[in-house]
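Okay, here's what each chain looks like letter by letter:
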Amino acid sequence: MRNPRATVVIVSLLAIPVLLAGCDTVTEPEDQVESDLTTVEGAILTLEQCWDLADLDAYAGVFTDEFIFYFDPQDVDHGLPPSWGLQDELDAAGNIFDIVGANNIELTLTMPDGFDEPEDDTCTVNGVAYEIRVTHPDDDIIYAAQGMCNFSLDRSDGEWRFTTWYDLVGYRLLGGMSTSWGQIKAMN
């Protein structure tokens, strides 16, 4: 007479290679930026995804070498520089991405109504609304900002890249200051 336990063990051992054959040992990559620089709107969406996913490599690819970020004039009145170049932009974003990670950044960019893709190789997009929330995980501090961006982009080899970025808050709270995206970048 056969031992029923031995049969179960043998069948179980025979099933392991079959089960393992269906397993994929390669892990799926985490969320990645789906870069589309072939349109202006795609470039702006790519910038948004870079922040949402804290992807510095993809972020570095959306700018020209001559890129300049301009702070809101009221931020300059409170001690920030009028502007900075590409390396400062990448250093600031990299610091934020390293400190808080992708799960703690929420960015929404909204194109202005009536935007049409340009036919020329240069473009200015005024009035891109932004809302950003950056949560510092160690301190449970949330930095939130709303405002507008004015972007200039150039197209080269069929892809759009940012040449200038103006951070414009538009209004400040009475008796205090609201935070701007530029301030968030400068403080980290």
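Residues numbered from 1 in each chain as written. Predicted model: local features only at pLDDT ≥ 70, side-chain atom pairs only at ≥ 80, totals over all residues. Heavy atoms only, no water.

**Thoughts on the nonpolar core**
- Membership of the largest hydrophobic core comes to 45 residues, with the highest contact counts inside it found for Leu 47, Trp 51, Tyr 59, Phe 63, Phe 162, Trp 165 and Trp 181.
- Residue assignment for this core shows that the elements contributing at least two residues are helix H2 (40-52), strand S1 (63-70), helix H5 (86-100), strand S3 (105-110), strand S4 (122-136), strand S5 (141-156), strand S6 (159-168) and helix H6 (181-187).
- With residues up to four places along the chain from it excluded, the contact list for Leu 47 reads Tyr 59, Val 62, Phe 63, Leu 107, Leu 109, Phe 162, Trp 165 and Trp 181. (Core = buried A, V, L, I, M, F, W, Y, C linked by side-chain atoms within 4.5 Å. Buried < 20%, exposed > 50% of the residue type's maximum accessible area, 1.4 Å probe, protein only. Helix = DSSP H or I, 4+ residues; strand = E, 2+ residues; numbered from the N terminus. Contact = heavy atoms within 4.5 Å.)

**A few points about the environment of Val 76**
- Inspection of the secondary structure assignment puts Val 76 in helix H4 (residues 73-77).
- For Val 76, a relative accessible area of 28% corresponds to the partly exposed category.
- It is 10.0 Å that separates the C-alpha atoms of Val 76 and Gly 182, two residues lying 106 residues apart in sequence.
- Residues in contact with Val 76, not counting those within four places in the same chain, are Phe 71, Pro 81 and Pro 82.

**Examining the confidence of the model for the protein**
- The pLDDT averaged across the protein works out to 83; a share of 78% of its residues lies at or above 70.
- Confidence drops under pLDDT 50 across residues 4-29; counting only partners more than four residues distant or on other chains, this segment forms 0 contacts. (pLDDT = per-residue confidence, 0-100.)

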